[in-house]
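# A closer look at the structure
Here is what each chain is made of, one letter per residue.
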Amino acid sequence: LDTVLTVRDSKVRCSSLKTLSLLEFNIWKVLLVSERNPLRLVLPMALEYSGDPDAKVRSEACKALGNIMTVFMHGNSYLALGSSIRDILHQNIEETIQVAASAMEDSDANVRSMALFAIGNIAFDTAKSEEWEFVKLLPILQLCDSAYNRLFDDNEKVINNAIRTTGHLFHLADLESCDEGACHLDATSWASLC
């Protein structure tokens, strides 16, 4: 798959990204430690100025990143994984957050929408994760601010994903503020998020 991610035909690149997002965690565990890790190619494809010139491919790359991150975090016991694969997962999640946050500023509405989708997936699945180390990887306030700003986008699809993502990030921020079972943000903290 890594070779077809670089072919000229944008439809082939989009199909390759869709295929990557369908792979299961056991396959990703092998791919992440290989020299031909396709995620190394997918991440930059989502960026407007240094990535793929085709907005459809950038959008599909963001969507694939959101789905791949869900696969990374959903239903897997991280405590049973070796520390080296956990470190690789954490690094890839951090890089995906950085790329998706940048893609939220893309000139194309579909790319912005799928970047919000990716961040929303990461936030949602982090809240359900067995390992709270992922929360430390998320620049929650910065992401809340970026997602909140997209509520005023001129595209309805972007606005809808901004609402979803903002909700997931607010929920995650509330969970992060948990102190010995008392989970809540006071009114001042919530106001600072908005």
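Our subject is the structure listed above.
All values reported here derive from a predicted model rather than from experimental measurement. Positions within a chain are numbered from 1, following the residues in the order the chain's sequence is written. Local features in this predicted model are restricted to residues whose pLDDT is 70 or higher, and side-chain atom pairs enter the listing and the counts only when it is 80 or higher, whereas totals over whole chains, interfaces and linings include all residues. To obtain the side-chain values, all non-hydrogen atoms of the structure were included, while hydrogens and water were left out.

### So, the side chain of D153
The condition that has to hold: Helix numbers and strand numbers start at the N terminus; a helix is a DSSP run of H or I with at least 4 residues, a strand a run of E with at least 2. Exposed residues in this analysis have more than 50% of their type's maximum accessible area, buried residues have under 20%, and partly exposed residues fall in between, with area computed by a 1.4 Å probe over protein chains only. Pairing of N or O atoms within 3.5 Å defines a polar contact, subject to two protein rules: one partner must be a possible hydrogen donor and the other a possible acceptor, and residues neighboring in sequence count only if both atoms are side-chain atoms. Contacts: residue pairs with any heavy atoms within 4.5 Å of one another.
Assignment of secondary structure puts D153 in the loop between helix 8 (140–149) and helix 9 (156–176). A relative accessible area of 9% places D153 in the buried class. A distance of 2.8 Å separates a polar atom in the side chain of D153 from a polar atom in the side chain of R112. Separated by 2.9 Å, the side chain of D153 and the backbone nitrogen of N155 make a polar contact. Aside from chain neighbours lying at most four places away, what touches D153 is R112, V158 and I159.

### Details of the environment of D108
As for its placement among the helices and strands, D108 is situated in the loop between helix 5 (83–103) and helix 6 (109–128). For D108, a relative accessible area of 23% puts it in the partly exposed group. Separated by 52 residues in sequence, D108 and K56 have C-alpha atoms that sit 8.9 Å apart. Those residues in contact with D108, other than ones at most four positions away along the chain, are A55 and R58. One polar contact links the side chain of D108 to the main-chain amide nitrogen of V111, over a distance of 3.2 Å.

### As for helix 1 (residues 10–20)
Where we set the bar: Relevant arc is that of directions from the helix axis to the C-beta atoms, nothing else.
Among the residues making up helix 1, those that are buried are S10, R13, C14, S16, L17 and L20. Considered in projection along helix 1, the buried side chains sweep an arc of 160° and stay on one side of the axis. Looking at the packing, one finds that the buried side of helix 1 touches helix 2 (25–32), helix 3 (39–45) and helix 4 (55–73). The distance from a side-chain oxygen at the start of helix 1 to the backbone nitrogen of K11 is 2.9 Å, and the residue carrying that oxygen is D9.

### Focus: the packing of helix 2 against helix 4
Defined as follows: A fitted line through C-alpha atoms represents every axis, and for helices the fit uses only the stretch in contact; the resulting angles, taken between N-to-C directions, go from 0 to 180 degrees. Oblique is the label for any angle not under 35 degrees, not over 145, and not in the 65 to 115 range, which are roughly parallel, roughly antiparallel and roughly perpendicular in turn. All residues other than Ala, Val, Leu, Ile, Met, Phe, Trp, Tyr, Cys, Pro, Asp, Glu, Lys and Arg, Gly among them, are scored as polar; the first ten of these are nonpolar and the last four charged.
Contact geometry of helix 2 with helix 4 gives a least axis separation of 9 Å together with a crossing angle of 100°. The orientation of helix 2 relative to helix 4 falls into the category roughly perpendicular. Residues F25, W28 and L32 of helix 2 lie in contact with helix 4, whose contacting residues are I68, V71 and F72. Each residue belonging to the contact of helix 2 with helix 4 can be placed in one class, and the counts come to six nonpolar, no polar and no charged.

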